[in-house]
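A closer look at the structure
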2 protein chains.
Amino acid sequence: MSKPKIETCFSPSLLHLYDIKESIVVIIDVFRATSTIAAALEQGAKEIIPVAQVDECISLGANIPNAITAGERDGKVAPGLQHGNSPLEYPRSFIEGKTIVLTTTNGTRLLHMCNDAEQRITGSFLNLGAVCDYLLAQQKNVLLACASWKDRYNLEDSLFAGAVYDSIGEHFEMNCDSTRAATHLYKQAKNDLYGFIQDSSHFLRLSKFGLQYDMEYCCKINQHNVLVKLEGERLVTVM
Amino acid sequence: MSKPKIETCFSPSLLHLYDIKESIVVIIDVFRATSTIAAALEQGAKEIIPVAQVDECISLGANIPNAITAGERDGKVAPGLQHGNSPLEYPRSFIEGKTIVLTTTNGTRLLHMCNDAEQRITGSFLNLGAVCDYLLAQQKNVLLACASWKDRYNLEDSLFAGAVYDSIGEHFEMNCDSTRAATHLYKQAKNDLYGFIQDSSHFLRLSKFGLQYDMEYCCKINQHNVLVKLEGERLVTVM
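Just so it is clear, the model here is predicted, and its values are computed rather than measured.

Take the packing of helix 5 (residues 128–138) of chain A against helix 6 (residues 155–168) of chain A next. Residue and element names in this part refer to chain A. The N-to-C vectors of helix 5 and helix 6 enclose an angle of 55 degrees; their axes lie 10 Å apart at closest approach. Taken as axis vectors, helix 5 and helix 6 run oblique relative to one another. The two elements helix 5 and helix 6 meet at a crossing, and its hand is right-handed. Residues Leu128, Val131, Cys132, Leu135 and Leu136 of helix 5 form the contact with helix 6, whose own contacting residues are Phe160, Ala163, Val164, Ser167 and Ile168. Of the residues that constitute the contact of helix 5 with helix 6, the class distribution is nine nonpolar, one polar and no charged.

Residue and element names in this part refer to chain B. Counted according to the given criterion, the structure contains zero disulfides over all chains. Here Cys132 is not disulfide-linked; the sulfur of Cys146 is the nearest cysteine sulfur, at 14 Å. Looking at Cys218, it has no disulfide partner, and the nearest cysteine sulfur is the one in Cys219, 6.9 Å off.

Superposing chain A onto chain B takes a rotation of 180 degrees combined with a translation of 0.0 Å along the rotation axis, leaving an RMSD of 0.0 Å. Read as a symmetry element, the transformation amounts to a two-fold axis. Same-surface contact between copies: 100% of interface residues of chain A are shared with the interface of chain B.

On to the confidence of the model for chain A. Per-residue pLDDT for chain A averages 96, and the proportion of residues at 70 or more is 100%. Here the complex is predicted with pTM 0.97, and the ipTM for its interfaces comes to 0.96.

Turning next to the interface of chain A and chain B. Interface size is commonly expressed as the accessible area that is lost once the parts come together. Taken together, the 28 residues of chain A in the interface contact 28 residues of chain B. Across the chain A/chain B interface, buried area totals approximately 2400 Å², and carbon plus sulfur atoms make up 54% of it. Three residues stand out in chain A for area buried against chain B, namely Arg152, Asp177 and His184 of chain A, and they jointly supply 26% of the buried area on that side. With its nearest N and O atoms 2.9 Å apart, the salt bridge here joins Arg180 of chain B to Asp199 of chain A.

With that settled, the discussion passes to the nonpolar core. Counting 154 residues, the largest nonpolar core has Ile100 and Leu135 of chain A together with Ile100 and Leu135 of chain B as its most contacted members. In contact with Leu135 of chain A, not counting residues within four places along its chain, are Ile24, Val26, Ile121, Val142, Val164, Ile168 and Phe172 of chain A.

On to the environment of Val25 of chain B. All names here are of chain B. Here Val25 shows up in strand 2 (residues 23–28). Residues Val25 and Asn115 lie 90 residues apart in sequence; the distance between their C-alpha atoms is 9.9 Å. If sequence neighbours within four positions are ignored, Val25 has contacts with Ile20, Cys114, Ala117, Gln119, Arg120, Ile121, Leu143 and Ala145.

The tally for this structure, following the rule as stated, stands at twelve aromatic pairs over all chains. Ring centres of Phe10 of chain A and Tyr153 of chain B lie 5.1 Å apart, and the angle between their planes is 80 degrees; on these two criteria the pair is classed as edge-to-face. Remark: Tyr153 of chain B occurs in the loop between strand 8 (141–146) and helix 6 (155–168) and Phe10 of chain A occurs in the loop between strand 1 (6–9) and strand 2 (23–28); the pair is interchain, linking two chains. Take Phe10 of chain A and Tyr153 of chain B: they sit in the same class, and that class is buried. Between Tyr194 of chain A and Phe203 of chain A, the aromatic rings sit 5.8 Å apart at their centres with planes inclined by 70 degrees, giving edge-to-face as the arrangement. Accessibility classification places Tyr194 of chain A together with Phe203 of chain A in one group, the buried group. Of the aromatic side chains, those joined through ring pairs into one cluster are Phe10 and Tyr153 of chain A together with Phe10 and Tyr153 of chain B.

A few words on the packing of helix 6 of chain A against helix 7 (residues 177–189) of chain A. Residues and elements named next belong to chain A. With their axes 7 Å apart at the nearest point, helix 6 and helix 7 run at an angle of 90 degrees to one another. One element, helix 6, and the other, helix 7, form an angle in the roughly perpendicular class. Contacts from Leu155, Ser158, Leu159, Ala161, Gly162, Ala163, Tyr165 and Asp166 of helix 6 reach helix 7 at Thr179, Ala182, Thr183, Leu185, Tyr186, Lys187 and Ala189. Split into classes, the residues belonging to the contact of helix 6 with helix 7 amount to nine nonpolar, four polar and two charged.

Residue and element names in this part refer to chain B. In this structure, Met215 sits in helix 10 (residues 212–218). Met215 sits 185 residues away from Val30 along the chain, and the two C-alpha atoms are 8.6 Å apart. Ignoring any residue separated from it by four or fewer positions in sequence, one finds Met215 in contact with Phe31, Tyr194, His202, Phe203, Leu206 and Ser207.

This part is about unusual backbone geometry. All names here are of chain A. Looking along the chain, the bond that leaves Phe31 and enters Arg32 is cis, with omega of 0 degrees. Tracing the sequence through the fold places Arg32 in the loop between strand 2 and helix 1 (33–42). Phi at Gln139 is positive, roughly 55 degrees, even though this residue is not glycine. Even without being glycine, Asn222 reaches a positive phi, approximately 60 degrees.

The rules behind the values
- Residues numbered from 1 in each chain as written.
- Chains lettered and ligands numbered in written order.
- Predicted model: local features only at pLDDT ≥ 70, side-chain atom pairs only at ≥ 80, totals over all residues.
- Heavy atoms only, no water.
- Axes fitted to C-alpha atoms, helices over the stretch in contact; angles between N-to-C directions.
- Helix = DSSP H or I, 4+ residues; strand = E, 2+ residues; numbered from the N terminus.
- Parallel < 35°, antiparallel > 145°, perpendicular 65-115°, else oblique.
- Left-handed = near helix turned anticlockwise from the far one by under 90°.
- Contact = heavy atoms within 4.5 Å.
- Nonpolar A, V, L, I, M, F, W, Y, C, P; charged D, E, K, R; others polar.
- Disulfide = S-S within 2.5 Å.
- Least-squares fit on C-alpha atoms with pLDDT ≥ 70 in both.
- pLDDT = per-residue confidence, 0-100.
- Buried area = accessible area lost by both parts, 1.4 Å probe.
- Salt bridge = Lys/Arg side-chain N within 4 Å of Asp/Glu carboxyl O.
- Core = buried A, V, L, I, M, F, W, Y, C linked by side-chain atoms within 4.5 Å.
- Buried < 20%, exposed > 50% of the residue type's maximum accessible area, 1.4 Å probe, protein only.
- Phe/Tyr/Trp six-rings, centres within 6.5 Å; stacked < 30°, edge-to-face > 60°.

Quick look at the structure:
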C-alpha cells in the first residue's frame, strides 16, 4: 500500500500551490491562536468559534448562551472583548462548558482559506502528540499549513511542522523542501525550543508586550492532549 | 549611521510582501540559471539576455550577431536551441565575446517580476564572494530573492541566502525569519553543501537527467569571481 503524502506550506500566500481537497490540513499558529485553542478545549471549553473581525466577535458572542469573547490586537485584549489570546488564561474552573468566540488575524484567515480541505485540524506544540496520533490513524494526505505573520514565513510555525515530520514522517511519502527545511530546523532547535525561538520576529514583537511567559508556555510539548477539529464553523475536541 | 536592511524572499509568490523600490534584489537560482550565468560571464561572455520562452530565445538569437541560444527543459537542450544550462558548458575558448540568449523558467520570471527594484544582480555559490563584496560596498537595502521551483520553496536557493547572511549579515539590520531560517540551514550545511543538498526536491529531479556533476559544481563556492548585474535587458559583468 502506498503511503499518504505529507507537505508543508510556509505561508497562506503559497496555499494555491497545494491540492488540499483530499488532505487533512493542519492549521498552525503557534504564537498563539492554535496554542490557546488546544489549551482551552482540553480544559473543557465546549467549542471555539474563530472569527476574523472584532465586531463579528462581539455580535456573535452576544447571541450565544454561555459564550465569552476573546482576542487580542497588539498584545492586549481588543477593545470590546472580554478575554485575551493566552493559553494560560483558560483554566478548567473558568472555561468548562463555555463557548469561546475567538478573533485572531493569521490563524482564522488561513482556516477559512482552507474551506476545500477534506478536514481541518489545528496544531501547536501543546498538542503535538495528539495531532501526530490522529494523522497516523487517518492515513490520509497531510498539509502542514503555517499561518505565518501577515503572509511572511515565520520560524515557530515551521518548527512545529518540522516537529510533526520528525515524529511521524517515516509513515508518509515526502518530497517537499519546505518539510525538509522545517525538519532540519526542528532538529537543530528541539533540545531548547524556547531558547531557539527567542531570535525570531514574532518573539521580538510579542516580547515588547511582556508576553515572554506565554510564549515559553507555547513551546512546551504535549501539555494538552487534545485533538481539535473544525466542524462546520466550530472548533471542537475529537475523542 | 543606521545600517541598511537585509531580507529574504522564499518564493516569487511572496514578492508582494517586500518593498523593493529602494533595494538591491539578488536573484537566486542556484540550480542552475544563476550559476551558469556567473560561469559564462566570468569566462568572457559579452552579455546574457534572459528570456522566458524558447520561441523568443530563437528569434532573438537569430537577430543578434555572434549570439548563441541556450536553455533546457527537463534536463535537455530545448528543441530549437543550441546549448544547455550548465555552468560547465561555457569555457572561455568557446564563449568569449559571445552573447548568450538564455531561456530559463524560474529565474527569468523572477528577474522580470523585480522590475521595480533599484538594482538587480544575480547570485550563486559560484560567485558568492563577489555578491557579498558588492552588497557591502553599496550599503543599500537588500532582498535575497529565491527563484524557487514553480513558486515552491526550495532548499538550495535559501541556502545561498543563508550563505550571504552568514558572510555579511553583521553589517545589516535584520528582522526577517526567512533570513534566520536560511542562515540556520546554511550553518548546518556549509561543511558539506553538496552532501546536504542531495536530499532536496530539485536534486532528486535533476538527478534523473544525470545532472549530478552539474549540481556538484553549482555547490562550489567562489569558483567565478564575477558580479553580474541586469542593465536594461542584459546581464553583464560589473567591474
